[in-house]
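# Summary of structural features
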Amino acid sequence: MNTWILLPIFLPIAVGIGLLFSSFRMHLKMTGEGAAPAAENTNLIHGIAGAVLGISAAAALVCAWTGEKSVILFYLMKDVPIYFHIDKTGSLFVTVMSLVWLAVCIYAFVYMKHEGEEARFFGFYLVVYGVLVALDFSGNLVTLYFFYELMTLSSMPLVLHNGSREAIMAALKYLFYSMCGAYLGLFAIFFLYRYCDTLAFTAGGSLNQALIQGNEGIVRIAVLAMVVGFGAKAGMFPLHAWLPAAHPVAPTPASAALSGIIVKCGVLAIIRGVYYVVGAEFVRGTWVQTVWMTISLLTVFMGSMLAYREPVLKKRLAYSTVSQVSYILFGLSVLSPTGMAGALLHTVFHAFIKAALFMTAGIFLFRKGKSRVDDYVGIGKEMPVTLWCYTFASLALVGIPPTSGFISKWYLAQGALQGDIGVFRYVGPAVLLVSALLTAGYLLPVTMKGFLPGKDRSVHTGKETIDRMTVMLVIMALAAVVLGIFPNPLVGYTSEIAASLM
């Protein structure tokens, strides 16, 4: 039944709101009694969150891989329904999102013990998951925009979880940049509604050729506004500054979710808008494509340089996300089947890789209270499993074969070389290569300091703790490597999506 699509959307949202309400009532009760807050019943919270997320993720995957389905929720206007439709692109995104979201949740069961307010955290975590499923299953641009905005509002509390001044300011910056980007996207939607036959996602787009005659200029301005606006969530210049502000202050599970999954929602929105509403042919060879490629490559290089200079690991990884997600945006901007296949592959691989890297940073912070790269000297002697996982994930992000990052970057470079994009055929791969070298320069020193401390030998004692955090880290690191060794099924699937849209 098509209505099963609603289960993975509204079940986690309803239960998440219930957890938030119970947390609020508990705090009101404690305040009224003048007593110190009692310890939360963490086992119950973990059981509820884990069970609901597991059921919802299973339902989402079943819906995604049992054929195309559609269901109308309600009509916003006579010809604009809020409805869900499952296609291959949505299935790919919801699968990656569900797997990473579930792994980070299990990781958070241990990590959030020292952060506190677990009912509130897992309440919002469940709500965001339901909104993300709705975003992935959106059937038209208006539905996507509706849940895109809900995603911003529901994920912001994850950033300001600890309530510090820094967290509040970072959350406000996240909200400000996201809203600015969303308004640019809304500006585009107004024009596309006027010049498209439908805002429903249609392979190749639905621009009305008769209506756009003589209005190509304003429509292309709207398309660029959409790319830049939705690119804000993906960390694309000039609306990228929220990422390095939000990650250092957010709990590590929230950072992993933001960097691995939330930023990909901007990617999905751009794919839907350009490839499913406007159509690649309308953008190919125009100044819009030139500006899009230029901004993407500028962000790739800028993010890598800022990461290279950053001493705090979580902030370094945030700048890395700014750079790596723009790899994806560049692959989309070349408007070639190979480039788009590479972009989709990097979307998948980066989610697992970046989750592993942030999990490592969180374990170092949780176990040792250390957040700066210089503090990790000799830490590999005590925490070899954690540091080896970090190393494999780092090699994958650099693009060393046979890891997954090599596969996606190969397709991205080939897509640029095969595209009819002038000088960008050579500039694009060159920037990607320089960025890969910079990626090695800002990630691998952690490994070298940890395993090969040299003369500066810090004393580390004790035995590494293997718990659920470590297990989830190992799974994410293995995925980053194994997906590169056996890439053919995923390569075939992404190539089918790309071919259907060109």
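Scroll up for the structure.
Residues numbered from 1 in each chain as written. Predicted model: local features only at pLDDT ≥ 70, side-chain atom pairs only at ≥ 80, totals over all residues. Heavy atoms only, no water.

Time to look at the overall build of the protein. When you go through the protein residue by residue, the secondary structure sums to 19 helices and 2 strands. The globule rule puts the C-alpha radius of gyration for 502 residues at 23 Å, and the 22 Å found for the protein is close to it. With the C-alpha coordinates of the protein rotated into their principal frame, the extents come out at 70 × 55 × 40 Å. A burial count over the protein gives 60% of its 502 residues as buried. Summing over all exposed atoms, the protein offers an accessible surface of approximately 18,500 Å²; the carbon and sulfur share of this is 67%. Looking at the protein, you have 32 positive and 23 negative side-chain charges, and the mean spots of the two groups are 6 Å apart. (Helix = DSSP H or I, 4+ residues; strand = E, 2+ residues; numbered from the N terminus. Rg over C-alpha atoms; globule rule 2.2 N^0.38 Å. Buried < 20%, exposed > 50% of the residue type's maximum accessible area, 1.4 Å probe, protein only. Areas by Shrake-Rupley, 256 points an atom, 1.4 Å probe, with all protein chains shown as cover. Lys, Arg positive; Asp, Glu negative; His and termini not counted. Charge placed at Lys NZ, Arg CZ, Asp CG, Glu CD.)

Here we take up the environment of aspartate 79. By the element assignment, aspartate 79 lies in the loop between strand E1 (70-77) and strand E2 (80-85). Placed 178 residues apart in sequence, aspartate 79 and alanine 257 show a C-alpha to C-alpha distance of 35 Å. Engagement of the side chain of aspartate 79 in a polar contact is seen with the side chain of tyrosine 193, the distance being 3.1 Å. (Polar contact = N/O pair within 3.5 Å; in protein donor to acceptor, adjacent residues only side chain to side chain.)

All right, on to empty space enclosed by the protein then. Scanning the model with the defined rule gives 1 cavity of 30 Å³ or more in all. The space that makes up the largest cavity amounts to roughly 100 Å³. Contributing to the lining of the largest cavity are Phe93, Val96, Met97, Leu132, Asp136, Gly260, Ile261, Lys264, Cys265, Thr347 and Ala351. Of all the secondary structure elements, the ones that give two or more residues to the lining of the largest cavity are helix H3 (88-111), helix H4 (118-136), helix H10 (252-278) and helix H14 (337-368). (1 Å grid on protein atoms, 1.4 Å probe; cavity = no way out; pocket = protein on both sides within 12 Å on 5 of 7 lines; lining within 4 Å. Points joined across faces, edges and corners; volume = space filled by probe spheres on them.)

So, about the layout of surface pockets. Taken as a whole, the largest pocket holds about 270 Å³ of empty space. Surrounding the largest pocket, 13 residues form its lining, Val398, Lys409, Leu432, Leu433 and Ala436 being those nearest its centre. Among the secondary structure elements, those contributing two or more residues to the lining of the largest pocket are helix H16 (404-418) and helix H17 (424-451). Counting residues per element, the lining of the largest pocket draws most heavily on H17, which supplies 6 residues. Here the residues of the lining of the largest pocket are counted per class, giving 10 nonpolar, 2 polar and 1 charged. (Nonpolar A, V, L, I, M, F, W, Y, C, P; charged D, E, K, R; others polar.)

Our focus in this paragraph is helix H5 (residues 141-159). For H5, with 19 residues, the first-to-last C-alpha span of 27 Å sits near the 27 Å given by 1.5 Å per residue. Burial analysis of H5 places 16 of its 19 residues in the buried class, which makes it a mostly covered element. (Expected span 1.5 Å × (residues − 1).)

Across the junction of phenylalanine 237 and proline 238, the peptide omega takes the value 10°, indicating a cis bond. Structurally, proline 238 is set in the loop between helix H8 (216-231) and helix H9 (242-246). Looking along the chain, the bond that leaves proline 401 and enters proline 402 is cis, with omega of 10°. Among the structural elements, proline 402 can be located in the loop between helix H15 (384-398) and H16. Within the chain, leucine 335 stands out as a residue other than glycine whose phi angle is a positive 60°. Considering the arrangement of structural elements, one finds leucine 335 in the loop between helix H13 (313-333) and H14. You can call leucine 335 buried: its relative accessible area is 2%.

On to the environment of phenylalanine 486, then. Here phenylalanine 486 shows up in the loop between helix H18 (468-485) and helix H19 (488-501). Along the primary structure phenylalanine 486 and isoleucine 497 are separated by 11 residues, whereas in three dimensions their C-alpha atoms are 19 Å apart.

Take a nonpolar patch on the surface next. Taken together, the side chains of Phe10, Leu73, Phe74, Leu76, Met77 and Tyr193 define a hydrophobic patch exposed on the protein surface, amounting to about 530 Å² of accessible area. Looking at the nonpolar patch, the element that brings in the most residues is E1, giving 4 residues. Within the secondary structure, methionine 77 is located in strand E1. Given the relative accessible area of 42%, methionine 77 is considered partly exposed. (Patch = residues over 30% accessible without salt bridge, like charges linked within 9 Å, V, L, I, M, F, W, Y side chains within 5 Å. Salt bridge = Lys/Arg side-chain N within 4 Å of Asp/Glu carboxyl O.)

Turning our eyes to something else, we now look at the pattern of salt bridges. Within the structure shown, the criterion is met by 6 salt bridges. Measuring nitrogen to oxygen at the nearest pair gives 2.6 Å for the salt bridge that ties glutamate 496 to lysine 88. Placement of glutamate 496 in helix H19 and of lysine 88 in helix H3 is noted, with a sequence separation of 408 residues between them. With a relative accessible area of 44%, glutamate 496 lands in the partly exposed category. Aspartate 467 is the salt-bridge partner of arginine 367, the closest N and O atoms lying 2.2 Å from each other. Placement of arginine 367 in helix H14 and of aspartate 467 in the loop between H17 and H18 is noted, with a sequence separation of 100 residues between them. Since its relative accessible area comes to 26%, arginine 367 is described here as partly exposed.

As a packed pair, H3 and H19 sit with axes 9 Å apart at the nearest point and diverge in direction by 140°. Compared by their axis directions, H3 and H19 come out oblique. Of the two elements, H3 crosses H19, and the hand of that crossing is left-handed. Within the contact between the two elements, H3 uses Lys88, Thr89, Ser91 and Leu92 and H19 uses Leu490, Tyr493, Thr494, Glu496 and Ile497. (Axes fitted to C-alpha atoms, helices over the stretch in contact; angles between N-to-C directions. Parallel < 35°, antiparallel > 145°, perpendicular 65-115°, else oblique. Left-handed = near helix turned anticlockwise from the far one by under 90°. Contact = heavy atoms within 4.5 Å.)

With that settled, the discussion passes to the nonpolar core. Core analysis: the biggest nonpolar cluster contains 183 residues, and Trp101, Phe122, Leu132, Tyr275 and Leu332 have the highest contact counts within it. Contact partners of tryptophan 101, with chain neighbours within four places excluded, come to Leu53, Tyr125, Val128, Tyr129, Leu132, Ala257, Ile261 and Ile262. (Core = buried A, V, L, I, M, F, W, Y, C linked by side-chain atoms within 4.5 Å.)

Counting buried positions over the 6 residues of E2 gives 5, a clear majority of the element. As paired elements, E1 and E2 share 6 bridges and run antiparallel to each other. Following the sheet pairing, tyrosine 75 is matched in E2 by proline 81. If you look at the hairpin formed by E1 and E2, you'll find 2 residues sitting between the two strands. (Pairing = 2+ DSSP bridges.)

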